[in-house]
Amino acid sequence: MGGTKYNFSARLSKAAKEGYASKAANEIFTQNRLRKAHESMNPNGVTFREARDSEANPNSYPIILGLDVTGSMGHIPHELVKEGLPKLMGGIIDGGVPDPALLFLGIGDHECDGYPLQVGQFESGDEELDMWLTRTYIESGGGGNAGESYLLAWYFAAFHTKIDAFEKRNQKGLLFTIGDEPNLKVLPASAIKEIMGSGEQTYSDLELLAEAKKRYEVYHISVLHSTRAQTAEIGWKEVLGENCISVEDYKTIPDVIKTIICEKYKSKSGLTGDSSTSETTGFDHIDML
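Right, let's walk through the structure included here. Note that the coordinates shown come from a computational prediction; the quantities given were computed from them, not determined experimentally.

1. Here's the deal with the overall build of the chain
Within the chain one finds 11 helices and 11 strands. A compact globule built from 289 residues should have a C-alpha radius of gyration of about 19 Å, and the chain, at 18 Å, falls within 12% of that. By residue count, 54% of the 289 residues in the chain fall in the buried class. A sequence separation of at least 24 residues applies to 79% of the contacts in the chain between residues at least 6 apart. In the form shown here, the chain has an accessible surface area of approximately 11,900 Å², with 49% of it arising from carbon and sulfur atoms.

Here is the structure:
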């Protein structure tokens, strides 16, 4: 994957042709009408998703976006389709990251939902990224069990991705989850087997975080649009510290993510005077209301 480049003018033309700005979510996300995940995003049997260097993208830089697709967060993918994704990709590329490769994950609740994990492919081109994003099934599920399965993003990144950035250049990728709930604390072997097709070990959230951090810088975007979300933020900061970024306006998420990506890329690539290896970003709480 990742053999194409992002074409902004082509994406603008497509958005106008498809009517992204005016269409409702169910008109764009066709799996919503079918009420099931797209077969190509079913993780069952997936061995790896790979971010490899190519002629078009010789220095691939892997970025995973784990999108909460439960009831209170399903509007985020819709906003990304309308204007957030071009803003994100434009900001990343203009900010000096030449070969970003994005992988979309749809995150639900492994204790309650039919499709708690959906997986795309690492892509760089506008057509491909739109395809995987709009294939995502916004299940709008979740339950009253005090959390969602953001730890599935950590599990998948740790055990089911291969990235040239790390293998060739010892450069970590970036992993973002976006949501408004606490993280569920345990991923049982039985759930892994049901979702992935195989699984012999139960993991805690902290064990999976440690595994993911071996090859990725891990962040969570905490969307503070409810009292419950504000309570969840406390737990996220205990686990991730300053790598939990809080926003009150979800429309600022693309700008927040692209700033982190550009700063981290430049720092690790030696493109700025910042020689720090700190995992912090300078963001803590971003209030855009």
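2. Notes on unusual backbone geometry
Unlike most non-glycine residues, Arg35 shows phi in positive territory, near 60°. Position of Arg35 relative to the elements: it lies in the loop between helix H3 (31-34) and strand E1 (49-51).

3. Observations concerning helix H9 (residues 205-212)
Within the sequence span of H9, burial applies to Asp205, Leu208, Leu209 and Ala212. The buried residues of H9 all sit within an arc of 105° when viewed along its axis, so they share a single face. Check the buried side of H9 and you find it contacts helix H6 (151-159), strand E7 (186-187), strand E8 (203-204), strand E9 (216-223) and helix H10 (227-240).

4. Quick word on the side chain of Asp130
You can see Asp130 is positioned in helix H5 (residues 126-135). Among the polar contacts listed, one links the side chain of Asp130 to the side chain of Arg11, at a separation of 3.0 Å.

5. So, the pairing of strand E10 (residues 244-247)
Each regular strand shows side chains that alternate between the opposite faces of the sheet. Of the two faces of E10, both are covered, the one formed by Cys244 and Ser246 as well as the one formed by Ile245 and Val247. Across four bridges, the pairing between E9 and E10 is parallel. What sits directly across from Ser222, in E10, is Ser246.

6. A closer look at the nonpolar core
Grouped together as the largest cluster of nonpolar side chains are 41 residues, with contacts concentrated most on Leu102, Phe104, Phe176, Ile221, Ile257 and Ile261. Elements supplying a minimum of two residues to this core: strand E2 (61-68), helix H4 (75-94), strand E3 (100-107), H5, strand E6 (173-179), E9, E10 and helix H11 (253-269). Residues within four places of Ile257 in sequence aside, it is in contact with Leu65, Leu88, Phe176, Ile178 and Ile221. Residues Leu103, Leu152, Ile195 and Leu208 belong to the second largest nonpolar core, which totals 35 residues.

7. Description of the environment of Leu12
The residue Leu12 is located in helix H1 (residues 8-18) in this model. According to the relative accessible area criterion, Leu12 is exposed, its value standing at 63%. Along the sequence, Leu12 and Pro86 sit 74 residues apart, while their C-alpha atoms lie 8.5 Å from each other.

8. A short note on the pattern of salt bridges
Evaluated as defined, the whole model comprises 13 salt bridges. The salt bridge involving Glu50 is made with Arg52; its shortest N-O contact spans 3.0 Å. Given a relative accessible area of 34%, Glu50 falls into the partly exposed group. By relative accessible area, Arg52 is classed as partly exposed at 25%. Linking Lys168 and Asp164 is a salt bridge whose minimum nitrogen-to-oxygen distance equals 3.5 Å. On the criterion of helical spacing, the pair formed by Lys168 and Asp164 is a turn pair, its members being four residues apart in helix H7 (residues 164-169). The class of Lys168 is exposed, set by a relative accessible area of 56%. Among the ionic contacts, a cluster of salt bridges with common partners joins Glu50, Arg52, Asp53, Asp164, Glu167, Lys168 and Arg169.

9. Regarding H10
Relative to the 20 Å expected for 14 residues at 1.5 Å per residue, H10 spans 20 Å between its end C-alpha atoms, a close match to the ideal helical length. Turning to H10, its buried residues number three or more, namely Ala229, Ala232, Glu233, Trp236 and Leu240.

10. Some thoughts on the packing of aromatic side chains
This structure, assessed with the given rule, holds nine aromatic pairs. With a centroid separation of 4.9 Å and 70° between ring planes, the pair formed by Tyr61 and Tyr265 is classed as edge-to-face. Remark: Tyr265 occurs in helix H11 and Tyr61 occurs in strand E2; sequence separation between them is 204 residues. Like Tyr61, the residue Tyr265 is buried in the burial classification. An aromatic cluster of three or more residues is present, and its members are Tyr150, Trp154 and Trp236. The side chain of Arg135 reaches across the aromatic face of Trp132, ending 5.1 Å from its centre.

Thresholds, definitions, all that
- Residues numbered from 1 in each chain as written.
- Predicted model: local features only at pLDDT ≥ 70, side-chain atom pairs only at ≥ 80, totals over all residues.
- Heavy atoms only, no water.
- Helix = DSSP H or I, 4+ residues; strand = E, 2+ residues; numbered from the N terminus.
- Rg over C-alpha atoms; globule rule 2.2 N^0.38 Å.
- Buried < 20%, exposed > 50% of the residue type's maximum accessible area, 1.4 Å probe, protein only.
- Contact = heavy atoms within 4.5 Å.
- Areas by Shrake-Rupley, 256 points an atom, 1.4 Å probe, with all protein chains shown as cover.
- Arc of directions from axis to C-beta.
- Polar contact = N/O pair within 3.5 Å; in protein donor to acceptor, adjacent residues only side chain to side chain.
- Pairing = 2+ DSSP bridges.
- Core = buried A, V, L, I, M, F, W, Y, C linked by side-chain atoms within 4.5 Å.
- Salt bridge = Lys/Arg side-chain N within 4 Å of Asp/Glu carboxyl O.
- Expected span 1.5 Å × (residues − 1).
- Phe/Tyr/Trp six-rings, centres within 6.5 Å; stacked < 30°, edge-to-face > 60°.
- Lys NZ or Arg CZ within 6 Å of the ring centre and 35° of its normal.

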